Amino acid sequence: TFPRDKLCGEFLSPDALVILEELGLVAEAGKIAVQGIRRARIFDAAGECAEAEFPAAGSGAQAAWGIPRLLLDALLLGSCRNRGVQVIEGVSPTVFRDAREAWRIGLPNDKVITARCLVAADGRLSSFAAPVESGEGSGPRRFALKAHFSAPAMARDAVDLHLYEGGYAGVN
């Protein structure tokens, strides 16, 4: 079912907020649990910190947002339904592009849907993205962990990236 909770950094960049504003969703999103983020802090393995402020995005007061993925997906799905988008759930589709660069999505019972745009919001192991991207499965194996904690001493208006050999930890 969708939306469902999934691994996600829960960070929307200033560019993403401009898109939400163009879609008319900023005011609606402001009604849910959005954390305004105005700066990024990057910590190296020795603990040294570089800091920068994000430029203001669109007409919004915040430059970036921290927003739970479950809430963002629900907002986007609700907006799609309100605009008349046909949402099909509970099927395992096949997907490919045809000669005109349109998406062709095969559904059960030999039904085929053609679309100009395909939004694959089903995660890193996407059933849509795998046939489209080249090199799937190549490269190092990765893992991720997501957890929510209360930490009153944290900077509430920042996203922190802690770098270490082979990866990073993001905190917002």
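Note that the structure is predicted; figures quoted are calculated from it, not measured.

Colleague: If you had to explain the packing of aromatic side chains to someone new, which residues and values would you point to?
Modeller: Here the structure, examined in full by the defined rule, presents one aromatic pair. Judged by centre distance (5.7 Å) and plane angle (40°), the rings of Phe-11 and Phe-54 are tilted. Of this pair, Phe-11 sits in strand E1 (residues 11-12) while Phe-54 sits in the loop between strand E4 (49-53) and strand E5 (64-66), placing them 43 residues apart in sequence. With relative accessibility at 30%, the residue Phe-11 sits in the partly exposed group.

Colleague: An account of a nonpolar patch on the surface is requested, with residue identities and associated values reported.
Modeller: Together, Ile-42, Leu-163, Tyr-164 and Tyr-168 line one region of the surface with nonpolar side chains, adding up to about 420 Å² of accessible area. Position of Tyr-168 relative to the elements: it lies in strand E10 (residues 167-171).

Colleague: Account for unusual backbone geometry, naming residues and giving values.
Modeller: Despite not being glycine, Asn-109 has its phi angle at roughly 65°, a positive value. With respect to the secondary-structure elements, Asn-109 resides in the loop between strand E7 (103-107) and strand E8 (111-115). You can call Asn-109 exposed: its relative accessible area is 77%. At Asp-110, a position not held by glycine, the phi torsion is positive, near 60°. Within the secondary structure, Asp-110 sits in the loop between E7 and E8. Overall, Asp-110 belongs to the exposed group, its relative accessible area being 76%.

Colleague: Can you lay out helix H3 (residues 69-82) for me, pointing to particular residues and giving the numbers?
Modeller: Its 14 residues place the ends of H3 20 Å apart at the C-alpha level, agreeing with the 20 Å of an ideal helix rising 1.5 Å per residue. The inward-facing, buried residues of H3 abut E1 and helix H2 (26-29). Just past H3, the residue Gly-84 takes up positive phi, approximately 90°.

Colleague: Go over the sheet that holds E10, please, and point to the residues and values.
Modeller: Overall, mixed pairing links the four strands, which are arranged E4-E3-E9-E10 in an open sheet. The open sheet has two edge strands with one neighbour each: E4 and E10. The average undirected angle you get between the axes of adjacent strands in this sheet is 15°.

Colleague: Break down the environment of Leu-70 for me, with residues and values.
Modeller: Structurally, Leu-70 is set in helix H3. What makes Leu-70 partly exposed here is its relative accessible area of 36%. Distance in space between the C-alpha atoms of Leu-70 and Pro-3 is 6.1 Å, their sequence separation being 67 residues. Not counting the four nearest positions on each side in its chain, Leu-70 is found in contact with Pro-3, Arg-4 and Asp-5.

Colleague: Break down the nonpolar core for me, with residues and values.
Modeller: Within the largest apolar cluster, nine residues are counted, these being Leu-12, Leu-17, Leu-20, Leu-25, Ala-29, Trp-65, Ile-67, Leu-72 and Leu-75. Elements with a contribution of two residues or more to this core: helix H1 (14-22) and H3.

Colleague: Hey, could you go over the pairing of E10 for me, with residue numbers and the actual values?
Modeller: Judged from the five bridges that link them, strand E9 (residues 158-164) and E10 form a sheet pairing that is antiparallel. Pairing of Tyr-164 across the sheet is with Gly-167, part of E10. Hairpin connection of E9 to E10: two residues between the antiparallel strands, including Gly-166 at a positive phi of 90°.

Colleague: Please provide a residue-by-residue account of the pattern of salt bridges, values included.
Modeller: By the definition in use, this model includes six salt bridges. The shortest N-O distance in the salt bridge between Asp-73 and Arg-69 comes to 2.8 Å. One end of the pair is Asp-73 and the other is Arg-69, both in helix H3 and four residues apart, which spans about a single turn. Using a relative accessible area of 17% as the deciding quantity, one classes Arg-69 as buried. Each of Arg-38, Arg-39, Glu-51, Glu-53 and Asp-157 takes part in a single network of salt bridges with overlapping partners.

Thresholds, definitions, all that
Residues numbered from 1 in each chain as written. Predicted model: local features only at pLDDT ≥ 70, side-chain atom pairs only at ≥ 80, totals over all residues. Heavy atoms only, no water. Phe/Tyr/Trp six-rings, centres within 6.5 Å; stacked < 30°, edge-to-face > 60°. Helix = DSSP H or I, 4+ residues; strand = E, 2+ residues; numbered from the N terminus. Buried < 20%, exposed > 50% of the residue type's maximum accessible area, 1.4 Å probe, protein only. Patch = residues over 30% accessible without salt bridge, like charges linked within 9 Å, V, L, I, M, F, W, Y side chains within 5 Å. Areas by Shrake-Rupley, 256 points an atom, 1.4 Å probe, with all protein chains shown as cover. Salt bridge = Lys/Arg side-chain N within 4 Å of Asp/Glu carboxyl O. Expected span 1.5 Å × (residues − 1). Contact = heavy atoms within 4.5 Å. Pairing = 2+ DSSP bridges. Axes fitted to C-alpha atoms, helices over the stretch in contact; angles between N-to-C directions. Core = buried A, V, L, I, M, F, W, Y, C linked by side-chain atoms within 4.5 Å.

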